[in-house]
Structures are given as C-alpha cells and as structure tokens.
Amino acid sequence: MAATTRLQLIRRHLHPDLQLSPTAAGGTSTSSPRTFRYTVDNSYLTPDQRQFYEENGFLHVKKLVSDEHLEIFREEFGRICRKEVVVPGLTVMRDVGIAKTEYVPGQQAVSKIQDFQSNEILFEYCCLPEILKYVECFTGPDIMAMHTMLINKPPDSGMKTSRHPLHQDLHYFPFRPAEQIVCAWTAMERVHRDNGCLVVLPGTHVGSLRPHVYPDWPGGVNKMYHGIHGYDPSHRRLHLEMDKGDTVFFHPVLIHGSGTNVTSGFRKAISCHYASADCNYIDVKNTSQENIEEEVLEIGRRKYGISKDTPLADIWRFKGRLVQGERTNL
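The rules behind the values
- Residues numbered from 1 in each chain as written.
- Predicted model: local features only at pLDDT ≥ 70, side-chain atom pairs only at ≥ 80, totals over all residues.
- Heavy atoms only, no water.
- Salt bridge = Lys/Arg side-chain N within 4 Å of Asp/Glu carboxyl O.
- Helix = DSSP H or I, 4+ residues; strand = E, 2+ residues; numbered from the N terminus.
- Buried < 20%, exposed > 50% of the residue type's maximum accessible area, 1.4 Å probe, protein only.
- Pairing = 2+ DSSP bridges.
- Axes fitted to C-alpha atoms, helices over the stretch in contact; angles between N-to-C directions.
- Left-handed = near helix turned anticlockwise from the far one by under 90°.
- Contact = heavy atoms within 4.5 Å.
- Nonpolar A, V, L, I, M, F, W, Y, C, P; charged D, E, K, R; others polar.

A.B. asks: Whenever I open this one, the pattern of salt bridges confuses me. Can you help?
C.D. replies: Any two side chains of opposite charge can pair if their charged atoms end up close together. This model, assessed by the stated rule, comprises 15 salt bridges. Between glutamate 120 and arginine 321 there is a salt bridge, with the nearest N and O atoms lying 3.1 Å from each other. Taken together, the residues span a long stretch of sequence, with glutamate 120 in helix 5 (residues 120–127) and arginine 321 in strand 16 (residues 321–324) at a distance of 201 residues. On the accessibility criterion, glutamate 120 (51% relative accessible area) is exposed. The closest approach of N and O atoms between arginine 317 and aspartate 314, which form a salt bridge, is 2.5 Å. Taken as a pair, arginine 317 and aspartate 314 lie in helix 8 (residues 312–319) at a separation of three residues, close to a single helical turn.

Written out as structure tokens, the structure is:
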C-alpha cells in the first residue's frame, strides 16, 4: 500500500468529519501554518480541518443534524405552505418556472422560504448545539443568526429555472468582516447532482467580492438570484453530494451555486448565515452591492411601507437574532 494511501486512511479514521476529496483544491496538509486567517483559535477543529477550510473555503461534516430534527423542520415547512402557520416577516418564494404555469397548492408552489427567525420551530435549527460548536470556530463566541432559509428546489419545468447561478453570499450582506461570517447548509435528504446539489469553486474565498447581476437565461431567473460577473469560468468546480443530515460550512466569498433538479421530487435543505456579533455594518452606496440594496428596499416599500431613505443595514438589524453570547454590535 502506498504511503499516501495509508496516510489518507489514517486521517479518515482519526478525523471522520473531514471530507477528503482527491479533487479538492490543495487537499489537506500534514503540517499546520503558524496562523489561520479564516478560523479562530479554539480546540474544536483539528489542524487538518482548519487547513482544509483555509485552502478551500468550505468544510463538509457528515451526519451532523439528526433525522428527528429534520423531520420536525419538514413538518413545520408543510404547515407554513398550507398556511396553517403565519410567520411575521417571512418571505415565501416561487420558482419562476412554476409561477408562469397554472396555480399549484401547498409545498409544490413554494421553492424557498427565508427569514424564518420568528418561527421558533424552524429557528431551532439555528440554535442546535451541534451546529453552533462549529460556527463558533469561524465567528467566535458571540454569534448572530443573520439570514435563514429553507430551500425546496422543485423539479425543473424544462426551462432550467431551478438552478441557482454562481454567486458570493457576501453580495447580499451589508456587514463585515467577511472572515467572521459563515453559512451552515444542511441537506434534509440525499443531495446529488441529479437533484441539484451545491457546486463550489474551491479556493475562491481568498478573492474579493465581485459585481453581481441577473444572468441572461432564456427561461428566466428567480427573484434576487443574482449571478457573479467576471469570474474565471475555467476554475475547477466541485459538486458537493451530501447525505441526509450532512452539513457544509462555507465562507461568504466562496463562489458557489446549484444545478438543475432533473428528478421528479423536491430537494430540501435548511440553512443559516451566522456572523460574529462584533461585525460592523457598512454603507453599500456606490459599491457593487448597491443594486441588491435597491431591490431589497423596493420590496420593503411594497410589502411593509418602509421609507425610501431606509438604509439596508437597518433591515438587517431587524432581521438578526442572537443565538449565543452577547449582542455586542450587530
């Protein structure tokens, strides 16, 4: 047996949470750097896990969330879709491919809900100790849940509208620094290429935030599904196939998206973007984020009658919710 093969087997035995992929950018390292930029110094992550995130911008953890919790979240999502539960501030989205066809009821009409921080059952996901012990490795001990989603990716109508263009999550966030923000994304069932798993461009988190625009797709694009403009299309892509309960943690500058769902079923995942409570809000006027600010504020004016002069940061102050420690700033 080759020495490299033996080493990989030993790593898998000692650190089963770390997903070793022969196609991952840079792989893992047998030695740790003296300093890490993207994780904090605590004893939870192994040096190999920290190095993998340092080089790739994501970390895949197997079976982190229990089937029991996921079933509770699935049932609550169903109640929301049937309008048995009213959630203040919740945004319910329909796939543009479905919206252009005749009305369909219940979960089949909903491709995503977001901002469920006022629903205590779904928000329990954001507070799970098994999630937060990893999140603290990226944000530190004072943690805010800033953005919540439950994605119900529908079977594609044939127009490829179920895909999500490549993007960077930081495009949507008026707070910094990026190094203290992380997303936890949990598969609620087996996720694979056929039903539209996540695709990431490993290592792109070390770059900068790029401009985002709506892609010019013939079948249409879902609302606020901005795509990155001006990235390197030759950069290698990695499809993150995941089992139910698997969770991936990733950096907000990492370029990622998801593919078309070519199966007959809906693909569900639940996620939360966390930030250190020590982060600061920024003014996005005259930056590449101004287009998303204008779009969000226009929706806010239509739905809630907010003032046209309301800064984007004020909306995020309202949405953010403390999950651990003290709300020191955000």
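Next comes the rest of the account.
A.B. asks: Got a minute to help me understand the sheet that holds strand 11 (residues 238–240) in this structure?
C.D. replies: Working definition: the strands of a sheet are paired by backbone hydrogen bonds and lie parallel or antiparallel to each other. Sheet architecture is open: four strands sit in the order 5-13-8-11, paired in antiparallel fashion. Lying at the two open borders of the sheet, with one neighbouring strand each, are strand 5 (164–167) and strand 11. The sheet shows a mean angle of 25° between the axes of neighbouring strands, taken without regard to direction. In this sheet, strand 13 (residues 256–258) lies alongside strand 5 in antiparallel orientation, the contact comprising two bridges. Across the sheet, histidine 167 pairs through a bridge with histidine 256, a residue of strand 13.

A.B. asks: Help me understand the environment of phenylalanine 52, please; the structure alone is not making it clear to me.
C.D. replies: Structurally, the position occupied by phenylalanine 52 is in helix 2 (residues 47–56). Separated by 151 residues in sequence, phenylalanine 52 and glycine 203 place their C-alpha atoms 9.8 Å apart.

A.B. asks: Just to check I follow, could you spell out the packing of helix 3 (residues 67–81) against helix 5 for this structure?
C.D. replies: Packed helices, taken two at a time, are described by the angle between their axes plus the distance between the axes. Viewed as axis vectors pointing N to C, helix 3 and helix 5 meet at an angle of 145°, and their least axial separation amounts to 9 Å. Remark: the crossing between helix 3 and helix 5 carries left-handed chirality. Each of His69, Ile72, Phe73, Glu76, Arg79 and Ile80 in helix 3 lies in contact with helix 5, whose residues at this interface are Ile121, Leu122, Glu124 and Tyr125. Classifying every residue of the contact of helix 3 with helix 5 gives six nonpolar, one polar and three charged.

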